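One-letter residues, chain by chain:
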Amino acid sequence: MPWPEADEALVELAKVDPEAFGELYERHVKRVYNYIYYRVGARRLDAEDLTARTFMQALAHLPRFRQQGVPVSAWLLRIAHNLVANWHRDNRRQIVPLEEAADRLDAGELPAEAAERREERRELLAALAQLPAERQQLIVLRFVQGMRAADIAVVMGRSEGAVKALLHRTLAGLRKNLAEAAQAGQQQLRAPFTGR
Amino acid sequence: MWEERLGAELDRYVDTLLADGQWAAALPPGLEELAALARRVRWLLTPVEPSPHFREALHARLLVAAKESMLAPAVPWHTQHRREIIIGAAVGSVLSVAGLAAVIARLRWTTKSAA
């Protein structure tokens, strides 16, 4: 028997059928993993750990899950978001370097191009990490997940207009952080020549 | 309000970026820098695949956990609804006592009237 197409029906089935929960997992694991991966600074092992915890929590809360007009994906992303917030709180005092996605080569990309892109990505992720959590969330949901503002509004519990306004503020904040980082980098480079 | 308007322009631009992945021809006026940044973000933050090993291992773990939770003995209904039962018993007791008191009071009044 094929699985129901609608997630809502699949969730109800998952309450009594473990295989149905497996299907729910397969439908959403990439989305949840991507969200967490970029929220934790592209750290693969942490992303895997938090993804596992997200689905374990979803399973634990499944009997109490009630359809309230919120998509199942939004429910899962909220669980992920809370786990990421706890992760940031626990790692706040440590200097957590961004993980190098050393093995990652996008299709058709030369190693030199990949290295350059990797470096740019590190700069961007460092600037992103300085933004408030909800702005980081917006960037990942909009650009990585490709979610539309209306759907992001449901996940974030805001109006669509507020999400769009936040997008503007977020990109402006990101631009500022990148400019400051670039300036700091240039000052470091200049220092040996000025004798400072 | 103006920020919502600017945000809406930017959001439309991002829709175009995400739809066809090409640099959109028409940049929203006054937002060229932010649009350029949006392109950069789109180019750099591409979706990643979880490793197949991780994905399969977690699937197996979740199936085991799901089966275990479904096989766990069901909580007896009287334990599940313990609070409601206690409240119901308390309310019932109060009503019984009140009813009895009313009957006794009426009997006494009737007896007094007869006397």
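Residues numbered from 1 in each chain as written. Chains lettered and ligands numbered in written order. Predicted model: local features only at pLDDT ≥ 70, side-chain atom pairs only at ≥ 80, totals over all residues. Heavy atoms only, no water.

### A word on the overall build of chain B
- Helices and strands together make up the secondary structure of chain B, namely 5 helices and 0 strands.
- Along chain B, helices (α) and strands (β) appear in the sequence α-α-α-α-α when read from the amino end.
- When the 115 residues of chain B are sorted by exposure, 27% land in the buried category.
- A total accessible area of about 8,200 Å² is found for chain B, and carbon and sulfur atoms account for 65% of it. (Helix = DSSP H or I, 4+ residues; strand = E, 2+ residues; numbered from the N terminus. Buried < 20%, exposed > 50% of the residue type's maximum accessible area, 1.4 Å probe, protein only. Areas by Shrake-Rupley, 256 points an atom, 1.4 Å probe, with all protein chains shown as cover.)

### Describing the nonpolar core
- Core analysis: the biggest nonpolar cluster contains 77 residues, and Phe21(A), Ile36(A), Leu171(A), Leu174(A) and Leu45(B) have the highest contact counts within it.
- In terms of residues, this core owes the most to one element, helix α2 (residues 18-39) of chain A, which gives 11 residues.
- Setting aside anything within four residues of it in sequence, one finds Phe21(A) in contact with Ala14(A), Phe55(A), Ala58(A), Leu59(A), Leu62(A) and Leu62(B). (Core = buried A, V, L, I, M, F, W, Y, C linked by side-chain atoms within 4.5 Å. Contact = heavy atoms within 4.5 Å.)

### Some remarks on the interface of chain A and chain B
- Contact residues are listed per partner, giving 50 residues for chain A and 39 residues for chain B.
- Summed over both sides, the interface of chain A with chain B buries roughly 4,300 Å², with 67% coming from carbon and sulfur.
- Here chain A is connected to chain B by 9 salt bridges.
- Among the ionic pairs, Arg148(A) bridges to Asp15(B), the shortest N-O distance being 2.7 Å.
- Counting across the interface, chain A meets chain B through 15 residue pairs in polar contact (both at pLDDT 80 or more).
- Of all the secondary structure elements, the ones that give two or more residues to the side of chain A that touches chain B are α2, α3 (44-61), α5 (111-129), α6 (133-144) and α8 (160-194) of chain A.
- Of the residues in the side of chain A that touches chain B, the class split is 27 nonpolar, 6 polar and 17 charged. (Buried area = accessible area lost by both parts, 1.4 Å probe. Salt bridge = Lys/Arg side-chain N within 4 Å of Asp/Glu carboxyl O. Polar contact = N/O pair within 3.5 Å; in protein donor to acceptor, adjacent residues only side chain to side chain. Nonpolar A, V, L, I, M, F, W, Y, C, P; charged D, E, K, R; others polar.)

### So, the pattern of salt bridges
- This model, assessed by the stated rule, comprises 21 salt bridges over all chains.
- In this structure, the salt-bridge partner of Asp49(A) is Arg53(A), at a minimum N-O distance of 3.0 Å. With a gap of 4 residues between them, Asp49(A) and Arg53(A) both fall in helix α3, about one helical turn apart.
- Since its relative accessible area comes to 35%, Asp49(A) is described here as partly exposed.
- The exposure class of Arg53(A) is partly exposed, given its relative accessible area of 41%.
- Measuring nitrogen to oxygen at the nearest pair gives 3.6 Å for the salt bridge that ties Arg40(B) to Glu123(A).

### Focus: unusual backbone geometry
Residues and elements named next belong to chain A.
- Even without a glycine there, the phi angle at Ala42 is positive, about 60°.
- Following the sequence through the fold, Ala42 ends up in the loop between α2 and α3.
- The buried category is assigned to Ala42, whose relative accessible area is 4%.

### Points about the packing of α2(A) against helix α3 (residues 52-71) of chain B
- Interhelical geometry of α2(A) versus α3(B) gives an angle of 140° and a closest axis separation of 10 Å. The angle between the axes of α2(A) and α3(B) places the two elements in the oblique class. α3(B) is crossed by α2(A), and the crossing has right-handed handedness. Residues Pro18(A), Glu19(A), Phe21(A), Gly22(A), Tyr25(A), Glu26(A), Val29(A) and Tyr33(A) of α2(A) form the contact with α3(B), whose participating residues are Phe54(B), Arg55(B), Leu58(B), His59(B), Leu62(B), Leu63(B), Ala66(B), Lys67(B) and Met70(B). (Axes fitted to C-alpha atoms, helices over the stretch in contact; angles between N-to-C directions. Parallel < 35°, antiparallel > 145°, perpendicular 65-115°, else oblique. Left-handed = near helix turned anticlockwise from the far one by under 90°.)

### Brief notes about the packing of aromatic side chains
- Scanning the entire structure with this criterion turns up 5 aromatic pairs over all chains.
- Between Phe65(A) and Trp75(A), the aromatic rings sit 4.4 Å apart at their centres with planes inclined by 45°, giving tilted as the arrangement. Taken together, the residues span a long stretch of sequence, with Phe65(A) in the loop between α3 and α4 (72-91) and Trp75(A) in helix α4 at a distance of 10 residues.
- For Trp75(A), a relative accessible area of 15% gives the class buried.
- Counting every residue linked through ring pairs, the aromatic cluster contains Tyr33(A), Tyr37(A), Tyr38(A) and Phe54(B). (Phe/Tyr/Trp six-rings, centres within 6.5 Å; stacked < 30°, edge-to-face > 60°.)

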